[in-house]
Amino acid sequence: MDKARPFCIEKREVWEAFKRIKANQGAAGVDGQSIAEFEEDLSNNLYRIWSRMSSGSYFPPAVLRVEIPKDNGAGTRPLGIPTVSDRIAEMVVKRYLEPKLEEHFHNDSYGYRPGRSAHEALYVARSRCWKYDWVSDLDIKGFFDNIDWTLMMKAVRHHTDCKWVLLYIERWLQAPVSMPNGTLVSREKGTPQGLVVSPVLANLFLHYAFDTWMSRKHPDIPFERYAAERDPENQPQSDSPGLRPPKKSFIKRRKMADWDDDERMRLLGIRPLC
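Residues numbered from 1 in each chain as written. Predicted model: local features only at pLDDT ≥ 70, side-chain atom pairs only at ≥ 80, totals over all residues. Heavy atoms only, no water.

Draft legend 1. Representation of the environment of Leu 101 within the structure. By the secondary structure assignment, Leu 101 is in helix 4 (residues 84-102). Relative accessible area serves as the criterion here: at 2%, Leu 101 is assigned to the buried category. A sequence separation of 55 residues divides Leu 101 from Val 156, and the C-alpha atoms of the two residues are 9.1 Å apart. When neighbours within four sequence positions are excluded, Leu 101 is seen to be in contact with His 159, Val 200 and Leu 204. (Helix = DSSP H or I, 4+ residues; strand = E, 2+ residues; numbered from the N terminus. Buried < 20%, exposed > 50% of the residue type's maximum accessible area, 1.4 Å probe, protein only. Contact = heavy atoms within 4.5 Å.)

Have a look at this one:
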């Protein structure tokens, strides 16, 4: 093993990661460098990423914070934009970690997974509505911004002991945010929505906090989860569904968010599905 580069990362992995990032395009991060500008010195830029990641000396720059309008027009949603170089480095880790996690994820988890989509989740929900009378439609507000780092890393370590993967995930979690006015803000929790690794980490967290919990506590109640939104179906029990919204203690134990009935978890309704 090269003492200067203790981590065995194939150069081809960086190249494959770049191709994925280029295909996805995306805006420039805090350094203002576009993908086209990155390509002007492509060979040296990719070598620099590989060399730093292999040596353990790669430190992610701040994540650029932008506010994007929500689909329903109710305010804005914070989005983090990493630099092009950082997105490539994140993709290297994602390509390593994602296949190891996919085999463990619940079959009714659809968000940000290879070969799955929201349309598939809707199709399953629609087919199940003929068998169940009720649905509990839930959404965790601010989920990405409130993930507990200690619990997150515990889940990651359960599935891999790869030192460079663990090292860089921790560094990405701790990377500061560059606000629109240019100030740097440190963080103590969460993984910015917009990072390449964030969807994988979010799915892993909810795999244990919700999917596994549902399978253990309510094996008779199917659900469809798309990221932080989920629809458990219920047979009626007197005049109310069999599945109640998770108690405050359930949320606090997993630190999914700082519970508040109005601000942290929005129960959109318990209503007939068909």
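Draft legend 2. Focus on the pattern of salt bridges. According to the stated counting rule, one finds ten salt bridges in the structure shown. A salt bridge links Glu 67 to Arg 65; the shortest N-O distance between them is 3.9 Å. Residue class for Glu 67 comes out partly exposed when judged on its relative accessible area of 41%. When the shortest N-O distance is used, the salt bridge between Glu 102 and Arg 113 registers 2.8 Å. With a gap of eleven residues between them, Glu 102 in helix 4 and Arg 113 in the loop between helix 4 and helix 5 (118-128) connect regions that are remote in the sequence. Among the charged side chains, a network of salt bridges with common partners joins Arg 12, Glu 16 and Lys 19. (Salt bridge = Lys/Arg side-chain N within 4 Å of Asp/Glu carboxyl O.)

Draft legend 3. Fine view of helix 5. The complete set of buried residues in helix 5 reads Ala 121, Val 124, Ala 125 and Arg 128. For helix 5, the angular spread of buried residues about the axis comes to 100 degrees, placing them on one side. Opposite its buried face, helix 5 presents the exposed residues His 119, Leu 122, Tyr 123 and Arg 126, each directed more than 90 degrees away. (Arc of directions from axis to C-beta.)

Draft legend 4. Representation of a negative patch on the surface within the structure. On the surface, Asp 31, Glu 37, Glu 40 and Asp 41 cluster together into a patch of negative charge. Within the secondary structure, Asp 41 is located in the loop between helix 2 (35-39) and helix 3 (42-55). (Patch = residues over 30% accessible without salt bridge, like charges linked within 9 Å, V, L, I, M, F, W, Y side chains within 5 Å. Areas by Shrake-Rupley, 256 points an atom, 1.4 Å probe, with all protein chains shown as cover. Lys, Arg positive; Asp, Glu negative; His and termini not counted. Charge placed at Lys NZ, Arg CZ, Asp CG, Glu CD.)

Draft legend 5. Quick peek at unusual backbone geometry. The backbone of Gln 25 shows a phi angle near 60 degrees, a positive value even though the residue is not glycine. Within the fold, Gln 25 resides in the loop between helix 1 (11-24) and helix 2. Within the chain, Tyr 112 stands out as a residue other than glycine whose phi angle is a positive 55 degrees. Within the fold, Tyr 112 resides in the loop between helix 4 and helix 5. Overall, Tyr 112 belongs to the partly exposed group, its relative accessible area being 38%.

Draft legend 6. Representation of the sheet that holds strand 2 (residues 76-81) in the model. The strand order across the open sheet built from four strands is 2-1-4-5, with neighbouring strands paired in mixed fashion. The open sheet has two free edges, formed respectively by strand 2 and strand 5 (184-185), since each of these has just one partner strand. Judged from the two bridges that link them, strand 4 (residues 177-178) and strand 5 form a sheet pairing that is antiparallel. Paired with Val 177 across the strands is Val 185, a residue of strand 5. (Pairing = 2+ DSSP bridges.)

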